[in-house]
Every structure is written in C-alpha cells, then in structure tokens.
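Summary of structural features
Residues per chain, in single letters:
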Amino acid sequence: LPRAMSRRVPRLALLALALLAVAGCGRKAAPVAPERRVPQPAAELTGLVRDGTIVLSWQNPNRRVDGTPLRDLAFVRVYRAEDGGAGEPRPALLARGQVPGYTEIATVRLAEPGPAVVQGDRMSLADRQGLAYGRRYTYVLVTADSLGRLSPPSRRLSVTFIAPPQAPRQLRAESGERSARLAWEPPQTLVDGTPAAAGALAYDVLRAPDAEAPLVAVTRTPIGETRYTDRNLENDRAYHYAVRAVRTEGGTAAIGSPSARVAVTPRDMTAPSPPRKQVAHPSEGNLR
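Let me begin by describing the structure that accompanies this report. Remember, it's a predicted structure, so these values are computed and weren't measured experimentally.

**A look at the overall build of the protein chain**
The number of helices and strands found in the protein chain is 1 helix and 18 strands. Split by element, the accessible area of the protein chain, about 17900 Å² in all, is 52% carbon and sulfur.

Okay, structure coming up:
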C-alpha cells in the first residue's frame, strides 16, 4: 500500500471500533435534575379537634415530582406554627432541609408509623403538644424517600383550637317497623365550661351491634336536628346508639364525646289479618 494509505488504515480501524462501542452501549437518556426526583408533597391535609387534640389526616404521595412512581416513601415530617389567628398564616418554604418559622413536632416513619395510624395510603396523627384554646395552629408536611430526598412542603392547614361541646343529654330510643326513632337534648356547655350555643351545634348519630362494639356513624354528615330515624334495620335484633355533638367555628370542627348508649329492638308492627269465614253453630245455651 502507498505510505499515505497505510497511515490512514489504522485511523479508520480506530474510528470503526469507536462507533461499534457507542452502538453497543445503546442510547442513553438525558440526565434527570435531582430536584425532579424528589417525592411529591402529601395531599388532602385536613384537621379537626377531638378529645383535647388536633387530629391531622393526609394522603401519602405515590409519585415523584417528575411523575415517576414513588415506591420508597420513607418518612413524613410534621411541622407546626402557632399564632393568635390574626392575618395570614406564616408562609411555608423548604430551606436547608427545614421549614423556617415552623417547629418540627413529629417524624412519622412508614416502617414503624406509631403513634400515627395508617389506612391504605392515608395517615392520621393526633397532636396534643402544648395546645391552648383560642390559638391558631398551622401545619405543613414534608415527605422523604429512602435516600432522604425531601419534597416541597404540603399546602398549609390552619386549625383554631376551639373547645368541643359536652355530650348530648337524655338520649331516648323507640322501636318501629325495621326502624329506630331517636331523640335527645343538646348539651348546655362546652368542655371549658362556657355556654354552648344550640344553634351552632350539629350531631353525629352512632350505632353499634352490641354494648361493647365500637360505635360507627350512620349519618354521613352531622345533622342539625335533635331527632333522627334510623331505617332499613332488621326486626327482632338489638341495636345500640349514641349521639355526639359537633361544633364548627371559623372553619374548624370540634367533635365532642358520645352520649351514654341506649338499646332498641325494631319490631314487626304489622297488625294480624282479621279472621275470615267465621261460622256460628247453634247449640243448647251457646253459640260456637
């Protein structure tokens, strides 16, 4: 071969090898920015006042910010800020792994969530740390994956710690045809001793299959009346009822304790049919 061509052959061979190496590796995807791999924030954060606590409930994320599945959610941090309730709550921004102006009150680990309660992809936690009636408490949540990558803060939730009502009084129950008729008297005071405004209260009707079983609400939402008829029951079977009062003020719901239970057994109220084809037979001194 001519000298110029002999120099070119090794270069062509090296270029071919390089092309083969690139082809063998396959096409590489564009790198993903680290901030797009963080978990999405918790959603549907709600709160209410019950039994001297503020009960928080939220939905854990199952996606990352870039939309890819999140299968290694590790923990949820709960932050709280307190104020007197005037003006807008404090903004919530993530800075250096913290939310400035907020205090971390709990870290809930998915592997061992207690004292939080997990129900599917929802979680609830009762906050009882230093609460005072009349104060406003604003919460935000931050989630994290197994590598410690933190989500943006969730939306803020503000709850005013208001006093719940006392239990309703004099719950009464009457049986009906596949039904139970209930009536009660509203509570006169809140748990802090202040008068309860009857018009500001609503009620949950609760039912259990026996005296020891947990009570479950049969009303989808609290009702404004002090009487209720529970229908579509089974005759000749005992049902146990209680009622609890719900106070709502400034967007916060405070749930009181249940009343004492009462039992009622629905009965078949259908009158028997009158006898038909009656025949009288005369006899000595009697008709039969």
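**Side note on the pattern of salt bridges**
Proximity of charged atoms lets side chains of opposite charge pair with each other. Taken as a whole and judged by the stated rule, the model has 16 salt bridges. Across the pair D145 and R149 runs a salt bridge, and its minimum N-O distance is 2.8 Å. We classify D145 as buried; its relative accessible area is 1%. Several salt bridges share partner residues, and in doing so they unite R64, D72, D145 and R149 into one network.

**Side note on the layout of surface pockets**
The probe, sized like a water molecule, is rolled over the atoms to show the empty space still left. Taken as a whole, the largest pocket holds about 260 Å³ of empty space. Considering the residues around the largest pocket, the lining is formed by T46, G47, L48, R50, V55, L56, S57, V117, Q119, R122, M123 and S124. Elements represented by at least two residues in the lining of the largest pocket include exactly β1 (43–50), β2 (53–59), β5 (117–119) and β6 (122–127). Residue classes in the lining of the largest pocket are distributed as 5 nonpolar, 5 polar and 2 charged. The space that makes up the second largest pocket amounts to roughly 160 Å³. In terms of lining, the second largest pocket is formed by R50, D51, L215, R244, I255, G256, S257 and P258. In terms of residue class, the lining of the second largest pocket is built from 3 nonpolar, 2 polar and 3 charged.

**Some points on the sheet that holds strand β9 (residues 169–176)**
Strand pairing in a sheet relies on backbone hydrogen bonds. The paired strands run either parallel or antiparallel. The antiparallel open sheet is built from 3 strands, whose spatial order is β9-β10-β13. Of all strands in the sheet, those with a lone pairing partner are β9 and β13 (227–230), marking the two edges. With strand direction ignored, the average angle separating the axes of adjacent strands in the sheet is 15°. Bridge analysis of β9 against strand β10 (residues 179–185) gives 6 bridges, and the strand direction is antiparallel. Looking across to β10, one finds that R169 is bridged to E185.

**Here we look at the sheet that holds strand β7 (residues 136–145)**
One open sheet accounts for 4 strands, arranged β4-β3-β7-β8; its pairing is antiparallel. Every interior strand has two partners, whereas the edge strands, β4 (103–109) and β8 (157–160), have only one. The mean inter-strand angle of the sheet, taken between neighbouring strand axes irrespective of direction, is 25°. Here 10 bridges tie strand β3 (residues 73–83) to β7, and the two strands are oriented antiparallel to one another. Across the sheet, residue A81 finds its bridge partner in β7, namely T138.

Calculation notes
- Residues numbered from 1 in each chain as written.
- Predicted model: local features only at pLDDT ≥ 70, side-chain atom pairs only at ≥ 80, totals over all residues.
- Heavy atoms only, no water.
- Helix = DSSP H or I, 4+ residues; strand = E, 2+ residues; numbered from the N terminus.
- Areas by Shrake-Rupley, 256 points an atom, 1.4 Å probe, with all protein chains shown as cover.
- Salt bridge = Lys/Arg side-chain N within 4 Å of Asp/Glu carboxyl O.
- Buried < 20%, exposed > 50% of the residue type's maximum accessible area, 1.4 Å probe, protein only.
- 1 Å grid on protein atoms, 1.4 Å probe; cavity = no way out; pocket = protein on both sides within 12 Å on 5 of 7 lines; lining within 4 Å.
- Points joined across faces, edges and corners; volume = space filled by probe spheres on them.
- Nonpolar A, V, L, I, M, F, W, Y, C, P; charged D, E, K, R; others polar.
- Pairing = 2+ DSSP bridges.
- Axes fitted to C-alpha atoms, helices over the stretch in contact; angles between N-to-C directions.

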